[in-house]
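Fold and geometry: a report
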Amino acid sequence: MLFQPEIERMPLAQLRELQNTRLKRQVEYVYHRVPFYKAKFDALGIHPSTFQGLTDLTRLGFTRKTDFRDNYPFGLFAVPQPEVARLHCSSGTTGKATVVGYTAQDLNIFAEVVARSLAAAGCRPGMKLQNAYGYGLFTGGLGIHYGAEKLGLTVIPVSGGGTDRQLQLLQDFRPEIICATPSYAQVLAEEIQRRGIAPEALNLQYAALGAEPWTETIRQQVESGLRVQATNIYGLSEIMGPGVSQEDVNERGTGSYVWEDHFLPEIVDKDTGEPVAEGELGVLVFTTLTKQAMPILRYWTNDITNLYYGESRSRTHVKMGPIRGRADDMLIIRGVNFFPTQVEDILRGLDHVSPYYQVVASRRGSLDEVEVSVEISEELMRGLELAAVTEAAVAQHECLRTLRGTLAKKIKDNIGLSMHVQLLGFGQLPRSEGGKLSRVRDLRDLNQAHRA
Ligand code: ADP
């Protein structure tokens, strides 16, 4: 379903015109209201009176996370505090959280893009949505909440965590939709199976998952475990929150629509900052086109993905591929670049492993090493009558040694790196407690510091 068909199907030429007008207006607006941008534009020789719009976009330089931190808490705001209707913070996944603000109009647009996203995810007015995104300073909970209300859904504002309660509500209130981080949706899928909850006890049809990278491996687990069609919802607090882009439920696996009338996306080379060709991977950069409280121009998200128009589309807006990871999640090991999500991708279709994994990079001497820990499936543990998977168990069971060898070979063939594979028992790796879950540990600086 399309929530705003006239916008979602706006002819591209008209969309460009709209973006152009809005961009010029936004540049003028921040020049007069945000000293940070005035100083920046003066230094770059940019003046709103001569700024040409889209063709001049790359002249604007980038806004980075450090700019938020340097202007903490309210230095980037473009309106006086009484006009700020709400404050949020980023999750602080990569350091000190950044503060963001919204006017009443910003909140209205936020709700509108989330409503558009939920409609694309399969939701229709009158359905019930269990919102397992965290409520609070994190943009996820309240962002989804107001968008769901705008679409005409009945919201169950349970927030993240509290798995017993989540499962109880799923059975008692019988919502059709759940929103959660993919890692927490995994936990719910796993618990439903573990507790032997009958599929008929639930009424779920759709899941909109986001706030962290995930691949088809998790989609498969969540779709079969919760009996849903699961789509990807992306966003970030610096630009708005969830609902910056969304996958259509009937076009799963082909990318997410970026709501281009409000958020202007670009992909640039992570080293040079130069725009790349359509479809190529690089850093995602966003410019807000309609924000009032905190407009941000060319924000360097640090997220790695690509943008393309391409086939199989029901809307005109550009699509973005799944986020491969943050640029800082990319590990460079012995000259080879890879994202931990590539390991996740490999687990799909492999028998006897669970979709849980952890990647640890370390340094021994001057050599970088990577160890991948993977859990074997519950069935295999039962079949081998194992309570835990130890080195002795691996030595004793040929099938475990074969499994380890197969995994190591797949990794080597697909990623081009030899990694040490450690097999663990089902349930041994950390699970999400309701929010984002990190599956990477880079101990190399730590190893270095120890030796120094
Ligand atoms: P933080 O950057 O501190 O985690 P946010 O809560 O604002 O703060 O999270 C935004 C970030 O979360 C994005 O920049 C991106 O890295 C990640 N993210 C959000 N949605 C998705 C998604 N669907 N897929 C992959 N990553 C996502």
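Residues numbered from 1 in each chain as written. Predicted model: local features only at pLDDT ≥ 70, side-chain atom pairs only at ≥ 80, totals over all residues. Heavy atoms only, no water.

If you look the protein up in an unreviewed UniProt entry, it shows as Phenylacetate-coenzyme A ligase from Hymenobacter aquaticus. For the protein, the Catalytic activity (unreviewed entry) comment in UniProt is given as "2-phenylacetate + ATP + CoA = phenylacetyl-CoA + AMP + diphosphate". According to its UniProt record, the protein has this under Subunit (unreviewed entry): "Monomer." (UniProt positions renumbered as here; feature names shortened; annotations may be inferred.)

This part takes up the UniProt feature "domain: AMP-dependent ligase C-terminal" (unreviewed entry) in the protein. According to UniProt, the positions carrying the feature "domain: AMP-dependent ligase C-terminal" (unreviewed entry) are residues 335–444. Across residues 335–444 one finds 36% helix and 30% strand; the C-alpha atoms that close the span lie 15 Å apart. (Helix = DSSP H or I, 4+ residues; strand = E, 2+ residues; numbered from the N terminus.)

In the vicinity of the ligand there are 20 residues, among which Ser91, Thr93, Asn232, Ser237 and Asp303 approach most closely. At 3.2 Å from a nitrogen atom of the ligand is found a main-chain nitrogen or oxygen belonging to Glu212. In the environment of the ligand, an oxygen atom lies 2.9 Å from a nitrogen or oxygen atom belonging to the side chain of Lys436. Computed on the free molecule, the ligand has an accessible area of 560 Å², of which 97% lies beneath the protein chains in the complex. For the shell around the ligand, a count of residues per class yields 7 nonpolar, 8 polar and 5 charged. (Near = heavy atom within 4 Å. Polar contact = N/O pair within 3.5 Å; in protein donor to acceptor, adjacent residues only side chain to side chain. Areas by Shrake-Rupley, 256 points an atom, 1.4 Å probe, with all protein chains shown as cover. Nonpolar A, V, L, I, M, F, W, Y, C, P; charged D, E, K, R; others polar.)

As a further point, take the packing of helix α8 (residues 182–194) against helix α9 (residues 216–226). Two elements in contact, α8 and α9, have axes whose closest approach is 9 Å; the angle formed by their N-to-C orientations is 40°. The angle between α8 and α9 falls in the class oblique. Crossing hand, α8 versus α9: left-handed. Contacts between α8 and α9 involve Pro182, Ala185, Gln186, Leu188, Ala189 and Ile192 from the first element and Ile218, Gln221, Val222, Gly225 and Leu226 from the second. Split by residue class, the contact of α8 with α9 holds 8 nonpolar, 3 polar and no charged. (Axes fitted to C-alpha atoms, helices over the stretch in contact; angles between N-to-C directions. Parallel < 35°, antiparallel > 145°, perpendicular 65-115°, else oblique. Left-handed = near helix turned anticlockwise from the far one by under 90°. Contact = heavy atoms within 4.5 Å.)

Spatial strand order, β20-β19-β18-β21: 4 strands in an open sheet with mixed pairing. Either end of the sheet is taken by a strand with one partner, and the two such strands are β20 (420–424) and β21 (440–442). Direction aside, the axes of adjacent strands within the sheet are offset by 15° on average. As judged from the 3 bridges shared by strand β18 (residues 353–364) and β21, these two strands associate in the parallel manner. Looking across to β21, one finds that Val359 is bridged to Val440. (Pairing = 2+ DSSP bridges.)

Membership of the largest hydrophobic core comes to 69 residues, with the highest contact counts inside it found for Phe41, Leu118, Leu153 and Phe286. Broken down by element, the residue count for this core peaks at 8 residues, all from helix α5 (residues 104–120). (Core = buried A, V, L, I, M, F, W, Y, C linked by side-chain atoms within 4.5 Å. Buried < 20%, exposed > 50% of the residue type's maximum accessible area, 1.4 Å probe, protein only.)

Before going further, it helps to spend a moment on unusual backbone geometry. The residue after Tyr72, namely Pro73, is reached through a cis peptide bond having omega -5°. Relative to the helices and strands, Pro73 is located in the loop between α4 (65–70) and β1 (86–89). A positive phi angle, close to 40°, is found at Ser312, a residue other than glycine. Tracing the backbone through its elements, the reader meets Ser312 in the loop between β13 (307–308) and β14 (319–320). Phi angles above zero are rare outside glycine, and Arg334 is one such case at about 45°.

Another aspect to go through is the sheet that holds strand β10 (residues 263–268). Sheets are built from strands paired through backbone hydrogen bonds, the pairs being either parallel or antiparallel. If you trace the 4 strands from one edge of the open sheet to the other, you get β10-β11-β12-β15, paired in antiparallel fashion. Of all strands in the sheet, those with a lone pairing partner are β10 and β15 (325–326), marking the two edges.

Before going further, it helps to spend a moment on the packing of helix α10 (residues 340–347) against helix α13 (residues 398–415). Closest axis-to-axis distance for the α10/α13 pair is 10 Å, and the angle between their directions is 125°. With respect to each other, α10 and α13 are oriented oblique. Helix-helix and strand crossings are classified by hand; for α10 and α13 the assignment is right-handed. Packed against α10, whose contacting residues are Gln342, Val343, Ile346 and Leu347, the element α13 presents Leu407, Lys410, Ile411, Asn414 and Ile415 at the interface. Here the contact of α10 with α13 is composed, by residue class, of 6 nonpolar, 2 polar and 1 charged.

Opposite charge on two side chains allows them to pair when their charged atoms are near. Applying the stated criterion across every chain yields a total of 25 salt bridges. Its salt-bridge partner being Arg16, residue Glu260 comes within 3.2 Å of it at the nearest N-O pair. Linking Glu260 in the loop between β9 (256–258) and β10 with Arg16 in helix α2 (residues 12–33), this pair joins segments that are 244 residues apart in sequence. Judged by its relative accessible area of 2%, Glu260 is buried. Residues Arg298 and Glu266 are paired through a salt bridge, measuring 2.8 Å at the closest nitrogen-oxygen approach. Of this pair, Arg298 sits in the loop between β11 (282–288) and β12 (299–305) while Glu266 sits in strand β10, placing them 32 residues apart in sequence. For the residue pair Arg298 and Glu266, the accessibility class agrees, reading buried in each case. Within this structure, Asp164, Glu191, Arg194 and Arg195 form a network of salt bridges that share partners. (Salt bridge = Lys/Arg side-chain N within 4 Å of Asp/Glu carboxyl O.)

Take Gln4: it is sitting in the segment before α1 (5–8). Owing to a relative accessible area of 9%, Gln4 belongs among the buried residues under this scheme. Those residues in contact with Gln4, other than ones at most four positions away along the chain, are Glu112 and Arg116.

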